[in-house]
Amino acid sequence: MGARYNMEVPDVLNNEITAAAAEDEVSKAEIIRKALQMYIVGRKAVREGNVLGIVPAENRDVLKREFIGV
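Here the structure is a predicted model, which means the values were calculated and not measured. (Residues numbered from 1 in each chain as written. Predicted model: local features only at pLDDT ≥ 70, side-chain atom pairs only at ≥ 80, totals over all residues. Heavy atoms only, no water.)

Running from N to C, helix H1 (residues 11–24) and helix H2 (residues 28–47) point in directions that differ by 105 degrees, and their axes come no closer than 8 Å. With respect to H2, the axis of H1 lies roughly perpendicular. Contact residues: H1 offers Asn14, Ile17, Thr18, Ala20, Ala21 and Asp24, while H2 offers Lys28, Ile31 and Ile32. A class-by-class count of the residues in the contact of H1 with H2 yields five nonpolar, two polar and two charged. (Axes fitted to C-alpha atoms, helices over the stretch in contact; angles between N-to-C directions. Helix = DSSP H or I, 4+ residues; strand = E, 2+ residues; numbered from the N terminus. Parallel < 35°, antiparallel > 145°, perpendicular 65-115°, else oblique. Contact = heavy atoms within 4.5 Å. Nonpolar A, V, L, I, M, F, W, Y, C, P; charged D, E, K, R; others polar.)

On inspection of all chains with the given rule, the structure shows one salt bridge. Here Arg33 makes a salt bridge to Glu30, at a shortest N to O gap of 3.1 Å. Note that Arg33 and Glu30 are positioned in helix H2 at a spacing of three residues, about one turn of the helix. By relative accessible area, Arg33 is classed as partly exposed at 45%. We classify Glu30 as partly exposed; its relative accessible area is 25%. (Salt bridge = Lys/Arg side-chain N within 4 Å of Asp/Glu carboxyl O. Buried < 20%, exposed > 50% of the residue type's maximum accessible area, 1.4 Å probe, protein only.)

Counting through the fold element by element, Ile68 comes out in the segment after strand E2 (65–66). Residue Ile68 is classed as exposed on the basis of its relative accessible area, which comes to 71%.

Turning our attention to the confidence of the model for the protein chain. Put simply, the protein chain has an average pLDDT of 94, and 100% of its residues get 70 or more. Looking across the protein chain, the model is least confident in E2, with a mean pLDDT of 93, and most confident in H1, with 98. (pLDDT = per-residue confidence, 0-100.)

Here we come to H1. In a regular helix each residue adds 1.5 Å, so 14 residues correspond to 20 Å; H1 covers 20 Å between its end C-alpha atoms and thus fits that length. Where H1 ends, the next residue or the one after it, Glu25, has phi of about 55 degrees, a positive value. (Expected span 1.5 Å × (residues − 1).)

It is worth spelling out a nonpolar patch on the surface at this point. Taken together, the side chains of Met7, Val9 and Leu13 present a nonpolar region at the surface, about 250 Å² in accessible area. Residue classification places Leu13 among the partly exposed residues on the basis of a relative accessible area of 41%. (Patch = residues over 30% accessible without salt bridge, like charges linked within 9 Å, V, L, I, M, F, W, Y side chains within 5 Å. Areas by Shrake-Rupley, 256 points an atom, 1.4 Å probe, with all protein chains shown as cover.)

This is the structure in structure tokens:
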């Protein structure tokens, strides 16, 4: 067993987490774990000099959205 965290999130974010969990048929905790894993990977990539963003699958040469501040 790992560490436990107790946190508050705004209602809007809780609604998004709840919807994602329902759509993916997983727990809210699983959604949060995945989000934290993505944050850690993205943070490391940015620190290594990479850009973190979204690219369309059909055209990987185009950066559709860049995430700043990760």
